[in-house]
Amino acid sequence: MNTELARFLTINFISSLIISYVVCFILIKFGLYDVLYIGNLFGLYFLVIYGVNVLVEEKFVSNNKNRFFTAVAYILFFDLIFIATVPVLFGLDMFKAQNVINLIFKGVEYNFGLTPIFYLFVFAIVILIYNFILYRAEKN
């Protein structure tokens, strides 16, 4: 593996984790313990949008389906590390909180529990949409 590529990937990944942890720390300082998963959005945005763009510009990754495979790999790996490290570093169970949406359809009440995993999935979809917009912008 190219040492320049390995150095960039390491620095980019560690920087995005630091960004996420700083956002989590700020949320804890404001007493927002139930929404620590928002820190994931900031780290993912930096990691995928900035990181994949640099990889495409430096011709390490081609601007086709490989761009999306790289983005999905980044998202999966980052989410696993985030889920594993945030409860250990901050001593809080970020999966304890749960939002509930109540919908009534034809007289039947449906309760949808939205856990942080749901929000992490939504953040991943949003980041992939941003990645697609950047892909289309570079194609034109």
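In case you missed it, the structure is sitting above this.
Criteria and cut-off values
- Residues numbered from 1 in each chain as written.
- Predicted model: local features only at pLDDT ≥ 70, side-chain atom pairs only at ≥ 80, totals over all residues.
- Heavy atoms only, no water.
- Salt bridge = Lys/Arg side-chain N within 4 Å of Asp/Glu carboxyl O.
- Helix = DSSP H or I, 4+ residues; strand = E, 2+ residues; numbered from the N terminus.
- Buried < 20%, exposed > 50% of the residue type's maximum accessible area, 1.4 Å probe, protein only.

Novice: What is the right way to read the pattern of salt bridges from this model?
Specialist: For side chains of opposite charge, pairing can occur when their charged atoms come near one another. Following the criterion strictly, the structure yields one salt bridge and no others. The salt bridge involving Arg-67 is made with Glu-138; its shortest N-O contact spans 3.8 Å. Of this pair, Arg-67 sits in helix α3 (residues 65–90) while Glu-138 sits in helix α4 (residues 116–139), and the two are 71 residues apart along the sequence. Residue Arg-67 is classed as buried on the basis of its relative accessible area of 0%. Among the residues examined, Glu-138 registers a relative accessible area of 36% and is labelled partly exposed.

Novice: Would you explain unusual backbone geometry in this entry?
Specialist: Of all residues except glycine, most have a negative phi; of all peptide bonds, most are trans. Of note, Lys-59 is a non-glycine position whose phi angle comes to about 65°, a positive value. Considering the arrangement of structural elements, one finds Lys-59 in the loop between α2 (38–57) and α3. We classify Lys-59 as exposed; its relative accessible area is 71%. Phi angles above zero are rare outside glycine, and Lys-106 is one such case at about 55°. With respect to the secondary-structure elements, Lys-106 resides in the loop between β1 (99–105) and β2 (108–114). Residue class for Lys-106 comes out exposed when judged on its relative accessible area of 75%.

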